[in-house]
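The residues making up each chain are set out below.
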Amino acid sequence: MSLSQIARAIKASPTLALNEKAAILREKGDPVIHLGGGEPKSRAPMDALLAAVNSLNTGEVRYTPADGIPELKKAIIRYTEEFYHRKVNPENVIASGGAKQSIMVAMQAILNPQEEIIFPAPYWVSYPDMAKLCGAIGVAALPEDGTFYPRLKDIEQRVGSYTRAVIINSPNNPSGAMYSEEFISDIVDFCEKKDLYLIMDDIYHRLIFDGKKPISAYDYTKKSIENSKIIIVNGVSKQYAMTGFRIGWAVGNKKVIEAMSNIQGHQTSGPSVLLQKAAAGALNGIQSGVESLRVTLENNRNVLIGQLRSFSGVKVHVPDGTFYCFADFSAYEKDSQKLSSFLIDKVMVLTVPGKEFGLDGYLRISYCGTIKDIIEGIERMKWALDPNSPNELYIGDRKLVRDWS
Ligand SMILES: Cc1ncc(COP(=O)(O)O)c(C=O)c1O
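Source: prediction; values computed, not measured.

Asks: Help me understand the sheet that holds strand β12 (residues 362-366) in this model?
Replies: Sheet strands line up and pair through hydrogen bonds in the backbone, either parallel or antiparallel. Read across the sheet, 3 strands follow the order β9-β12-β11 without closing on themselves; strand pairing throughout is antiparallel. Across the chains shown, the open sheet's two edge strands, defined by having one partner strand only, are β9 (324-328) and β11 (352-353). Pairing geometry for β11 and β12, over 2 bridges, is antiparallel. Along β12, the bridge assignment pairs Pro353 with Leu363. Strands in contact with helix α12 (residues 336-347) are β11 and β12; relative to β12, the strand with the most contacts, it is inclined by about 45 degrees.

Asks: Even after reading the chapter, I still don't get the site of the ligand, so can you show me in this structure?
Replies: With respect to spatial proximity, the complete set of residues near the ligand consists of Gly98, Ala99, Lys100, Trp124, Asn169, Asn173, Asp201, Ile203, Tyr204, Ser237, Lys238 and Arg246. Lys238 is positioned such that a nitrogen or oxygen atom in its side chain is 2.7 Å from an oxygen atom of the ligand. In the environment of the ligand, an oxygen atom lies 2.8 Å from a nitrogen or oxygen atom belonging to the side chain of Arg246. Coverage of the ligand by the protein chains reaches 92% of its 390 Å² of free accessible surface. Residues belonging to the shell around the ligand are distributed by class as follows: 4 nonpolar, 4 polar and 4 charged.

Asks: I keep staring at helix α11 (residues 288-309) and nothing clicks. Help me out?
Replies: For an α-helix, the turn length of 3.6 residues means that residues three or four places apart are oriented alike. Spanning 22 residues, α11 covers 32 Å between terminal C-alpha atoms, matching the ideal 32 Å at 1.5 Å per step. For α11, every residue scored as buried is listed here: Val290, Leu293, Arg294, Leu297, Glu298, Asn300, Arg301, Leu304, Ile305, Gln307 and Leu308. Among the structural elements, β9, β12 and α13 (371-385) are those in contact with the buried residues of α11.

Asks: Is there a simple way to explain the packing of helix α4 (residues 70-84) against helix α10 (residues 273-284) in this structure?
Replies: Axes are the key here: two packed helices are described by the angle between their axes and the distance separating the axes. One way to put it is that α4 packs onto α10 with a least axis distance of 9 Å and a crossing angle of 30 degrees. Here α4 and α10 pass one another in a crossing that is left-handed. Contacts between α4 and α10 involve Glu71, Leu72, Ala75, Ile76, Arg78 and Tyr79 on the former and, on the latter, Gln276, Lys277, Ala279, Ala280, Leu283 and Asn284. Looking at the contact of α4 with α10 residue by residue, the classes come out as 7 nonpolar, 2 polar and 3 charged.

Asks: Would you explain the pattern of salt bridges in this entry?
Replies: Pairing between side chains of opposite charge can happen when their charged atoms approach one another. One pass over the full model with this rule turns up 23 salt bridges. Linked by salt bridges that have partners in common, Asp210, Glu291, Arg294, Glu298 and Arg301 make up one network.

Asks: Whenever I open this one, the packing of helix α5 (residues 98-110) against helix α9 (residues 254-267) confuses me. Can you help?
Replies: Two elements in contact, α5 and α9, have axes separated by 9 Å at closest approach and are oriented at 110 degrees. Looking at the two axes, α5 sits roughly perpendicular to α9. Our pair here, α5 against α9, has a crossing hand that is right-handed. For the pair formed by α5 and α9, the contact residues are Gln101, Ser102, Val105, Ala106, Gln108, Ala109 and Ile110 on the first element and Val256, Ala259, Met260, Ile263, Gln264 and Gln267 on the second. Here the residues of the contact of α5 with α9 sort into 8 nonpolar, 5 polar and no charged.

The rules behind each value
- Residues numbered from 1 in each chain as written.
- Predicted model: local features only at pLDDT ≥ 70, side-chain atom pairs only at ≥ 80, totals over all residues.
- Heavy atoms only, no water.
- Pairing = 2+ DSSP bridges.
- Helix = DSSP H or I, 4+ residues; strand = E, 2+ residues; numbered from the N terminus.
- Contact = heavy atoms within 4.5 Å.
- Axes fitted to C-alpha atoms, helices over the stretch in contact; angles between N-to-C directions.
- Near = heavy atom within 4 Å.
- Polar contact = N/O pair within 3.5 Å; in protein donor to acceptor, adjacent residues only side chain to side chain.
- Areas by Shrake-Rupley, 256 points an atom, 1.4 Å probe, with all protein chains shown as cover.
- Nonpolar A, V, L, I, M, F, W, Y, C, P; charged D, E, K, R; others polar.
- Expected span 1.5 Å × (residues − 1).
- Buried < 20%, exposed > 50% of the residue type's maximum accessible area, 1.4 Å probe, protein only.
- Left-handed = near helix turned anticlockwise from the far one by under 90°.
- Salt bridge = Lys/Arg side-chain N within 4 Å of Asp/Glu carboxyl O.
- Parallel < 35°, antiparallel > 145°, perpendicular 65-115°, else oblique.

The following block contains the structure:
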């Protein structure tokens, strides 16, 4: 069967594939611990649920404008004022089927085939494939100093005549690193000088620890919104634990937002009205859930870091935010895909191979689940990897016996 070049170039999302694997193993009755997930486990806010139910009860569930309903746009405008200190208009806002779709239509609106978009590595798994879907090229910029904190020169040296955009995700999936104000200021300034688009993927911007405050790229530009090439992307998935609602948004100049809306209009039309109402409900409703999620995640992070520090051979970088930790397991195995498969096969612990994020030898470990899963998951990993472990491990009444060295 013949498939298009694009179809042949794109692989399945490794994180979604892992979720499917976890579900299959659970169905078989295996005591799986999923440390590879990308979604908080708290309930969606009541205000979101009620808004969706009220909308459903009207029985009038219709198409919406391709760029979103006025009520949601209004809530996004307020959010932008509060967290980004910018007054924007409805024409500067598009609501999409998740932040993922906002990023995708932004790339489609600004990239021509063969053009390049740069992002620091490690990077979110979808960026390279999204660029490929535009016929464009994703260029990873691994910080030269071996940290997870890029410096301007890491980006600068990859810019060429084909570069059209930079995408920054801070705090970062998978490393949890939150880039400094100085770096964000430098990158805003640099992109303006080079006339590049700057997409800020801020999906985790409020899930940050140790007293840190969200950063707004708009604070570092003197340009008006209509003259700025900054595109801010955000959404309800992570901060409101609403991953399945599939609502995200982008804020940018009128022209780029109109182009994105035109593309989205042909792709999917506007997102479901029920889910837009739910997102507006979350944004307009009681906000305490975001802070309580943040506190839970900070506590989970501390527990995970404690567990990993007692794991000799593993090098850990303490995440500043998100719910991921990207730990260096290369002392045990340099091939992260092999290591991840080994851990699933031997002790039923799911982690995401670092290779998927552009850095082999690492595993991404999520701490958005329960403390019990974090502790038991790391204990199982230690048992599997430490050659001095006892020969047997009990998981409930199931006995595992080491048949490897
Ligand atoms: C860095 C990053 N950006 C964007 C997204 C997409 O979020 P959404 O669920 O709103 O599509 C994710 C989801 O995992 C992510 O990790």
